[in-house]
Amino acid sequence: ERLAVGTSLGELLVLDAWTGEVQARRTFPEAAVKVLVFSGDGGTLYMAEQAADALVHALDPETLESRWTLSLAERVGSSAAPAGEDLYGVYSLPSAYGMEELAGGDLVISAVHGWNDLDGVRRNLSQLLRVDPQGQVVQAWPPEPADVTLMHPQVDEADRKSTRLNSSHKPTSY
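Since the model is a prediction, treat every value here as computed from it, not as a measurement.

So, the side chain of T44
Logical step 1: Mapped onto the elements, T44 comes out in the loop between β4 (32-38) and β5 (45-50).
Logical step 2: Setting aside chain neighbours within four positions, we find T44 in contact with V37, F38, S39, A58, L59, P61 and R67.

A closer look at the nonpolar core
Logical step 1: Ranked by size, the top nonpolar core spans 18 residues in total, and within it V56, W68, L72, M99 and I109 carry the most contacts.
Logical step 2: The element that contributes the greatest number of residues to this core is strand β9 (residues 107-116), accounting for 3 residues.
Logical step 3: Excluding residues within four positions of it along the chain, W68 makes contact with Y46, V56, H57, A58, L107, V131, D132, P133, Q134 and G135.
Logical step 4: With 12 residues, the next largest nonpolar core counts L12, A31, V33 and L45 among its residues.

As for the environment of P82
Logical step 1: Mapping P82 onto the fold places it in the loop between α1 (73-76) and β8 (95-101).
Logical step 2: In the structure, P82 is positioned 75 residues away from E157 in sequence and 39 Å away in space, judged by C-alpha atoms.
Logical step 3: With residues up to four places along the chain from it excluded, the contact list for P82 reads G89, V90 and L93.

So, the pattern of salt bridges
Logical step 1: Per the stated rule, a full pass over the model turns up 4 salt bridges.
Logical step 2: Measuring nitrogen to oxygen at the nearest pair gives 3.4 Å for the salt bridge that ties E11 to R25. With E11 in strand β2 (residues 11-16) and R25 in strand β3 (residues 22-27), the pair connects residues that are 14 residues apart, well separated along the chain.
Logical step 3: Overall, R25 belongs to the exposed group, its relative accessible area being 53%.

Overview of the sheet that holds strand β1 (residues 2-6)
Logical step 1: Spatial ordering of the open sheet is given by β1-β2-β3, a layout of 3 strands whose pairing is antiparallel. Sheet topology places β1 and β3 at the edges, where each strand pairs with a single neighbour. Sheet twist, expressed as the average angle between the axes of neighbouring strands with direction ignored, equals 15 degrees.

Describing the side chain of Q50
Logical step 1: Here Q50 is to be found in strand β5.
Logical step 2: Among the polar contacts listed, one links the side chain of Q50 to the side chain of K34, at a separation of 3.2 Å.
Logical step 3: Excluding residues within four positions of it along the chain, Q50 makes contact with A31, A32, K34, V90, Y91, L93, P94, S95 and Y97.

What about the pairing of β3?
Logical step 1: Where β2 meets β3, 5 bridges bridge the pair, whose relative direction is antiparallel. Following the sheet pairing, L13 is matched in β3 by R25.
Logical step 2: Following β2, the chain reverses through 5 residues before pairing antiparallel with β3; G20 in that reversal takes a positive phi of roughly 85 degrees.

Here is what the cut-offs are and how they apply
- Residues numbered from 1 in each chain as written.
- Predicted model: local features only at pLDDT ≥ 70, side-chain atom pairs only at ≥ 80, totals over all residues.
- Heavy atoms only, no water.
- Helix = DSSP H or I, 4+ residues; strand = E, 2+ residues; numbered from the N terminus.
- Contact = heavy atoms within 4.5 Å.
- Core = buried A, V, L, I, M, F, W, Y, C linked by side-chain atoms within 4.5 Å.
- Buried < 20%, exposed > 50% of the residue type's maximum accessible area, 1.4 Å probe, protein only.
- Salt bridge = Lys/Arg side-chain N within 4 Å of Asp/Glu carboxyl O.
- Pairing = 2+ DSSP bridges.
- Axes fitted to C-alpha atoms, helices over the stretch in contact; angles between N-to-C directions.
- Polar contact = N/O pair within 3.5 Å; in protein donor to acceptor, adjacent residues only side chain to side chain.

See the structure below:
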C-alpha cells in the first residue's frame, strides 16, 4: 500500500503505492538515505542514513516522526564530512548497508565504516547488530567492530543461521 523512497540528498518520501500521492515527507540534513525497511505489520518505517552520526531511525510511517534513533558511528567510528567537490566522499561516512527484520520484531543491522586515515591508509570497521523494537542493541557480532566490511546480511530463521554474508572476510554461519 505504501512505498518509501529516499534520496542521496536526505529526502524521505512515503507514497501511496497505487497513486503515487505523497503521504509524508521529511528531510534529513547532511545525510543520504541509505536503507529503508517497513516492519512486518507496516507500523514502523526503519531508515538508516549515511552521515557522520550514521543514525538509524524508527519512524512513524504516517508522520515520519522519530520514535527512537541509534547511532552506528558510536560503534564503528565517524569521519569528517567530505569536501564539497568530492562526489564519492559520502561513501567514506558510516552507515548501515543492510537491515532485516526478524520474526520477533528485532532488526539485524550491518554497521559499516570505510575511510582513508590521515596517512592515506584504507581502514574499515564493521559489526552486525541485533536491535530490539525499542532501539536497544541486544547482541553484536563480532563483540568489537572488526577490520572487515560486513554487508547485506540475509537471515534464514528456519535454519537459525545466516544464509549469506557479503563480506571481505570468509562468510560465517552464526
